[in-house]
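Architecture and fold: a report
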Amino acid sequence: MIITWDSILDKYVHNLTSPDGRNTFESTPILVENISQKANITNSDTVIDIGCGWGNLTRNCSLQSMRTIGIEPNVENLEEAKKRNAGYDIQYIQGSFECFNYDNKADIVVSSLVFHQVKHSCKIQALKNVKNILKNSGRFILCDTMIMFDAENDSQQFNEVYRYLLAKTTPPDIYKKFIAPYLQSEHIYTWNDMKKFTPKDNWFYSLSDMQNWLAKCGLYIADKVSFCPFFGILTIAGLEEEL
Ligand SMILES: C[S@@+](CC[C@H](N)C(=O)[O-])C[C@H]1O[C@@H](n2cnc3c(N)ncnc32)[C@H](O)[C@@H]1O
């Protein structure tokens, strides 16, 4: 199973070292293509990419729409995005899920490999911000690592995924020093263990967490694609669209 998960992640996620030496991730062209298909952008759409990083997805959106905006909190990443996407019609804003620094409306919001980084206590506000910025017929295409099965009841699978993700997503030195030595070999790590022993901002979130948060913001999951049990793309729309 782990070999399959490795090959899925290799296909969709580049694991990079940024210029300042930090580990980071970037959407591959195949992932960008998958997100873009879900977004189904037309030329008149205003598109916002939140947490645009170095702008792979933003660049693709800008080829399909007249107005594309990349929002990113990190100044160095913004500068790198501008450099890599010179010649493309993209507006960049220093902002975040918590505070976009953008007041107009958007037809489509996209975001890839970012939402798990939003602090637990800010997740609902971040989704409310998306809801506020979207036009009534708008959609939010969210690609991220999230637990896509019933983690509370399927402990065996959660244990396997949890151990895999801890090793895969933690910087190697931190994993080696602070995590690996404390993982007990015989123990089945449950969803409740994660909540009991891990700081909230390091919890993985599940599809049902997402459904609960969205319900509080007048949003719902209109469509979902799972690449594997912990990674996929959601199409999120406003509840008024369901009526
Ligand atoms: C793993 S990179 C993904 C970059 C890009 N979206 C991609 O798929 O290639 C995560 C990006 O999210 C940004 N980020 C982190 N916290 C954020 C937040 N709260 N709101 C928006 N962006 C955030 C980081 O600065 C980083 O550029």
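Residues numbered from 1 in each chain as written. Predicted model: local features only at pLDDT ≥ 70, side-chain atom pairs only at ≥ 80, totals over all residues.

Judged by nonpolar contacts, the single largest core of 56 residues is most densely connected at Ile35, Ile108, Val109, Val110 and Ile141. Examining the composition of this core, we find that five residues originate from one element, strand 7 (residues 134–145), more than from any other. Split by domain, this core shows at least three residues from each of two domains, domain 1 (13–146 + 205–242) and domain 2 (155–202). Look past the residues within four positions of valine 109 in its chain and what remains in contact with it is Ile48, Ile50, Val130, Ile133, Leu134 and Phe140. (Core = buried A, V, L, I, M, F, W, Y, C linked by C-beta atoms within 7 Å. Buried ≥ 20, exposed ≤ 12 C-beta atoms within 10 Å, placed from the backbone. Helix = DSSP H or I, 4+ residues; strand = E, 2+ residues; numbered from the N terminus. Domains from an automatic or database assignment. Contact = placed C-beta atoms within 7 Å.)

Close to the ligand lie 22 residues; Ser27, Gly51, Gly53, Ser96 and Ser112 are nearest. Of all the elements, strand 2 (residues 23–27) adds the most residues to the shell around the ligand, at four residues. Broken down by class, the residue content of the shell around the ligand amounts to nine nonpolar, 10 polar and three charged. (Near = placed C-beta within 6 Å. Nonpolar A, V, L, I, M, F, W, Y, C, P; charged D, E, K, R; others polar.)

Let us look at the sheet that holds strand 7. The sheet built from seven strands is open, its strands ordered 5-4-3-6-7-9-8 with mixed pairing. Of all the strands in the sheet, the pair left with one neighbour each is strand 5 (90–94) and strand 8 (219–228). Pairwise comparison of adjacent strand axes, ignoring direction, gives a mean angle of 15° for this sheet. Sheet topology places strand 7 next to strand 9 (residues 231–238); seven bridges connect them, and they run antiparallel. By the bridge assignment for strand 9, threonine 145 is matched with phenylalanine 231. Across the sheet, helix 5 (residues 123–133) is in contact with strand 3 (46–50), strand 6 (106–112), strand 7, strand 8 and strand 9; its angle to strand 7 comes to roughly 145°. (Pairing = 2+ DSSP bridges. Axes fitted to C-alpha atoms, helices over the stretch in contact; angles between N-to-C directions.)

A few words now on the pairing of strand 5. Note that strand 4 (residues 67–72) and strand 5 share five bridges and pair parallel. The residue bridging threonine 68 from the neighbouring strand is isoleucine 90, located in strand 5. The handedness of the strand 4 to strand 5 crossover, carried by helix 4 (residues 75–84), is right-handed. (Right-handed = clockwise from strand over helix to strand, strands pointing away.)

The figure often quoted for interface size is the accessible area lost as the parts come together. Per the domain assignment, the segments of the protein chain are domain 1 (13–146 + 205–242) and domain 2 (155–202). Inter-centroid distance (C-alpha atoms) of domain 1 to domain 2 is 27 Å.

Moving on, we come to the packing of helix 2 (residues 29–39) against helix 3 (residues 56–64). Interaxial distance between helix 2 and helix 3 falls to 10 Å at its minimum, and their mutual angle equals 45°. Taken together, the axes of helix 2 and helix 3 lie oblique to each other. Of the two elements, helix 2 crosses helix 3, and the hand of that crossing is right-handed. Contacts from Val32, Ile35 and Ser36 in helix 2 reach Asn56, Leu57 and Asn60 in helix 3. (Parallel < 35°, antiparallel > 145°, perpendicular 65-115°, else oblique. Left-handed = near helix turned anticlockwise from the far one by under 90°.)

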